[in-house]
Structures are given as C-alpha cells and as structure tokens.
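Each chain, letter by letter, is given below.
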Amino acid sequence: APGTLLEVTTPSTNGMVEALTLHNPFPGGFTGVGIRFEGNGGDKTAGIHTEYDSNTNNSNLVFQTRDANSMRDSLKILFSGVTYVGGDIGSSEGAMLQVNSRSSTGNSVNDTLVLMHFDDNSAGTSGIGNRLKFVTETATNGTYRMSAAIDSVMDDATDNSKDGSLRFLTMEPNTAIVTGK
C-alpha cells in the first residue's frame, strides 16, 4: 500500500496464518522478543514484548508506554491468564482500570462493564452468579485475604420466574469468614 514501510501479506483459505515470527536464538534463562516504537529522537515511546522463562516454558505478554521519565508496564498478561492493568506492575503505585462508555443521550444507562458466568457443562441453575472480590494484604507480609465481596446471584433461574439478588459480603472480626450484610 502507498506510504507503508512494511507490508506482510500471506494468503489464507483456512483462518489464522503466522505472517510474522519474532525469534530469540539465545537459549536459557529469562528471554523474550518484542516490538519497539521510537519517537523522532530515537527515544523508545512504547513497546510490546514477551517474557519467556525457558526453565518453566511459561511466557508473559507485556505492553509498555512512556511517561515523562521512563518506560512503564501498562498491561501485562501472565501465562496463567491473570491480567494486570495500569500503574507500574508489581510496584506500590497500584493498578488502575478505567472503562469508558459513550452515548448520544445524557439520560441513559450504558452497559459499561459486563461480568458473565457460563456453565460449560449444562444450563445455569439457581445459585449461579458472579463475584467482585476485594483482596488485601494482611499484617503478615505476603499474606493476602479476601476482605469483602459483592455477589450477583440468580436465586431462581427458572424461565418466566427469574429472581436475582445483589449480596454485600464483609470479613468478620478475627476470622477468615466473609458473611453477607
């Protein structure tokens, strides 16, 4: 295409094709490959890279952006599926998540965030639901406990008589038990 510096085209008649492969030939340890984006002066402005551990054969995917001073991890997807968003991943700054929605009317309610629970083996039954879980570190360094949760539960999943509830749960003093409030 006109104005394109690099175009990779691979015809496919059956779905996904690996059109570009990045390979790190150096064995062992913690290696990875990536794509670096630079500004006019050669400063790195953004990047996408992998973190590959050849000892465990696990790989993470990291998206980085630049603030005024340095590159920071903006999004990190771990091999386990855990995803960290915002901040300096793993630092005391904490993570932030902002989800925006738009509408053309000022008096509407949008589905800004949707949490869905699928039953892979059958249809959902009464008691199926979703949980928004709050976990905090205790006074014991590296020990984390659920301190509160918000549950959305389908109390009656029967067609034509569906009932649901929103439950607020908090930790009881001196216990690890979270109960409804």
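Residues numbered from 1 in each chain as written. Predicted model: local features only at pLDDT ≥ 70, side-chain atom pairs only at ≥ 80, totals over all residues. Heavy atoms only, no water.

## Brief notes about the overall build of the chain
Put simply, the test is: Numbering goes from the N terminus for both helices and strands, where a helix is a DSSP run of H or I of at least four residues and a strand is a run of E of at least two. Think of it in three bands: residues with accessible area under 20% of the maximum for their type are buried, residues over 50% are exposed, and the middle band is partly exposed, with areas taken using a 1.4 Å probe on protein chains only. Areas reported here follow the Shrake-Rupley algorithm with a probe of radius 1.4 Å; residue values treat only the protein chains shown as occluding.
Helix and strand content of the chain: 0 helices and 10 strands. Traced from its N-terminal end to its C-terminal end, the chain shows the element sequence β-β-β-β-β-β-β-β-β-β. Counting every position in the chain, which comprises 181 residues, the buried fraction comes to 10%. Total accessible area on the chain is roughly 14200 Å²; 53% of this is exposed by carbon and sulfur atoms.

## Section: a nonpolar patch on the surface
Short version of the rule: Here the term patch refers to residues with relative accessible area over 30% and no salt bridge, with like charges joined within 9 Å and nonpolar side chains (Val, Leu, Ile, Met, Phe, Trp, Tyr) within 5 Å. The salt bridge definition used is simple: a Lys or Arg side-chain nitrogen within 4 Å of an Asp or Glu carboxyl oxygen.
Together, Leu20, Leu22, Ile35 and Phe37 line one region of the surface with nonpolar side chains, adding up to about 370 Å² of accessible area. If you trace the backbone, isoleucine 35 turns up in strand β2 (residues 34–38).

## Points about the pairing of strand β7 (residues 129–137)
This is how it is decided: Strands were regarded as paired on the criterion that DSSP finds at least two bridges between them.
As defined by bridge partners, β7 adjoins strand β8 (residues 144–156) across 9 bridges and the pair is classed as antiparallel. Across the sheet, arginine 131 pairs through a bridge with aspartate 151, a residue of β8. A loop of 6 residues connects β7 with β8, the two strands running antiparallel in sequence, and glycine 142 in this loop sits at a positive phi of about 85°.

## Structural notes on the environment of lysine 133
Let me state the cut-off plainly: Residues count as neighbours in contact if any of their non-hydrogen atoms are within 4.5 Å of one another.
With respect to the secondary-structure elements, lysine 133 resides in strand β7. For the pair lysine 133 and isoleucine 150, spaced 17 residues apart in the sequence, the C-alpha separation amounts to 6.6 Å. When residues no more than four places from it in sequence are discounted, the contact partners of lysine 133 are Met146, Ala148 and Ala149.

## Describing unusual backbone geometry
If you check the backbone angles, asparagine 57 has positive phi at about 65° while not being a glycine. Here asparagine 57 shows up in the loop between β3 (44–53) and β4 (58–66). By relative accessible area, asparagine 57 is classed as exposed at 55%.

## Examining the pattern of salt bridges
Taken as a whole and assessed by the stated rule, the structure comprises 5 salt bridges. Linking arginine 36 and glutamate 38 is a salt bridge whose minimum nitrogen-to-oxygen distance equals 3.0 Å. Glutamate 38 gets classed as partly exposed once you look at its relative accessible area, which sits at 48%. With its nearest N and O atoms 3.3 Å apart, the salt bridge here joins glutamate 51 to lysine 76. Residue glutamate 51 is located in strand β3, and its partner lysine 76 is located in strand β5 (residues 71–77); the two are separated by 25 residues in the primary sequence. Pair check on accessibility: glutamate 51 and lysine 76 agree, each one buried.

## As for the confidence of the model for the chain
Note the cut-off: How sure the predictor is of each residue is captured by pLDDT, a score from 0 to 100.
Here the chain shows a mean pLDDT of 77. Residues at 70 or above account for 75%. For the chain, per-element mean pLDDT is lowest for strand β10 (residues 178–180), which scores 65, and highest for strand β9 (residues 163–171), which scores 89. Contacts of residues 90–95 to residues separated by more than four positions or lying in other chains number 7 contacts, the stretch itself having pLDDT below 50.

## Focus: the pairing of β5
With 6 bridges connecting them, β4 and β5 associate as antiparallel partners. Looking across to β5, one finds that leucine 61 is bridged to isoleucine 77. The pairing of β5 with strand β6 (residues 83–85) spans 3 bridges and is classified as antiparallel. When the bridges of β6 are listed, leucine 75 appears paired with valine 85.

## Quick notes on the side chain of asparagine 60
The topology assignment puts asparagine 60 in strand β4. Among residues more than four places away in sequence, those in contact with asparagine 60 are His49, Thr50, Glu51, Lys76, Ile77, Leu78 and Phe79.

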